[in-house]
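# Summary of the model geometry
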Amino acid sequence: LGQVYAVFFMGLSEISTAALVLLANFDPALGVEGLAEAFPLTKVACAVSFVVTFVCVRNVMWPYAGWHYWKDSLEALANPRDKLAKEHSAILKRTLFVLVSLTFLQFMWLGQIFITGYQEIQNM
């Protein structure tokens, strides 16, 4: 059950992280000094690619994949013939709790992205 979802939650969802890593290089305090001034359009392109990938992957696809994981997990737990699910029911229930927590974080981070984006636009 989990192997199918691991491809998304531990692989595909990290595409936005790759865009964030590129964007972090332009941070005046933690990135490469002077990079944002030398390549302002590249900074904007990295920011836009991060926001687009974050919203698409973490705020659209993540809840959809999470809903299917919930549905499949609850179905496995409810099936009396699924011995593997019964043996690992505590782990399965914990992953459901963690998934809800991480889904909540995705939307909290989206709020932070909008706040930071607004501040960056004000500073232009």
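A brief report on the enclosed structure follows. Only a predicted model underlies this, so the values are computations on that prediction, with no experimental measurement involved.

This paragraph deals with the packing of aromatic side chains. The geometry of an aromatic ring pair is captured by two quantities: the separation of the ring centres and the angle between the planes. Scanning the entire structure with this criterion turns up five aromatic pairs. With a centroid separation of 5.7 Å and 50 degrees between ring planes, the pair formed by Phe50 and Phe54 is classed as tilted. Of the two residues, Phe50 and Phe54 both sit in helix H4 (residues 40-78), four residues apart, roughly one turn of that helix. Look at Phe50 and you get buried, because its relative accessible area is 9%. Given the relative accessible area of 4%, Phe54 is considered buried.

To continue, consider the layout of surface pockets. Considered as a void within the structure, the largest pocket measures approximately 1100 Å³ in volume. Lining the largest pocket are 35 residues, and of these Leu23, Lys43, Ala47, Thr116 and Glu120 lie nearest its centre. Elements that contribute at least two residues to the lining of the largest pocket include exactly helix H2 (15-24), helix H3 (35-38), H4 and helix H6 (89-123). Ranked by residue count, the leading element in the lining of the largest pocket is H6, at ten residues.

This part takes up H6. Its 35 residues place the ends of H6 51 Å apart at the C-alpha level, agreeing with the 51 Å of an ideal helix rising 1.5 Å per residue. Among the residues of H6, those classed as buried are Leu92, Leu96, Leu99, Thr103, Gln106, Leu110 and Ile113.

So, on to the packing of H4 against H6. Think of two packed helices as two axes; the pair is described by the angle between the axes and how far apart they sit. Here H4 crosses H6 at 160 degrees, and the two axes come no closer than 10 Å. For the element pair H4 / H6, the angle class is roughly antiparallel. The chirality of how H4 crosses H6 is left-handed. Looking at the contact of H4 with H6 residue by residue, the class counts come to 19 nonpolar, seven polar and four charged.

Quick notes on the rules
- Residues take numbers from 1 onward in each chain, read along the sequence in its written order.
- Totals for whole chains, interfaces and linings use every residue, but because this is a predicted model, local features are given only for residues with pLDDT of at least 70 and side-chain atom pairs only at 80 or more, for both listing and counting.
- Only hydrogens and water are set aside; all other atoms, that is, all heavy atoms of the structure, feed into the side-chain values.
- Pairing of aromatic rings covers Phe, Tyr and Trp, the last through its six-membered ring, and needs centres within 6.5 Å; plane angles under 30 degrees mean stacked, over 60 mean edge-to-face, and all others mean tilted.
- Numbering goes from the N terminus for both helices and strands, where a helix is a DSSP run of H or I of at least four residues and a strand is a run of E of at least two.
- Categorising residues by exposure relies on relative accessible area from a 1.4 Å probe, with only protein chains included: less than 20% of the type maximum marks a residue as buried, more than 50% marks it as exposed, and the intermediate range marks it as partly exposed.
- Both cavities and pockets are sets of points on a 1 Å grid over the protein atoms alone; in a cavity a 1.4 Å probe fits but cannot get out, in a pocket the set is open with protein on both sides within 12 Å along at least five of seven lines, and lining residues sit with an atom within 4 Å of a point.
- Grid points are joined across faces, edges and corners, and a volume is the space filled by probe spheres set on the points.
- In this scheme, a helix's expected span is set at 1.5 Å multiplied by one less than its residue total.
- Axis definition: a line fitted to C-alpha atoms, limited for helices to the stretch in contact. Angles are taken between N-to-C directions and run from 0 to 180 degrees.
- Comment on the angle field: the value is read as roughly parallel under 35 degrees, roughly antiparallel over 145, roughly perpendicular from 65 to 115, and oblique elsewhere.
- Should the near helix be turned counterclockwise from the far one by less than a right angle, the crossing is left-handed, whereas a clockwise turn marks it as right-handed.
- Three residue categories are used. Nonpolar comprises Ala, Val, Leu, Ile, Met, Phe, Trp, Tyr, Cys and Pro, charged comprises Asp, Glu, Lys and Arg, and polar comprises the others, including Gly.

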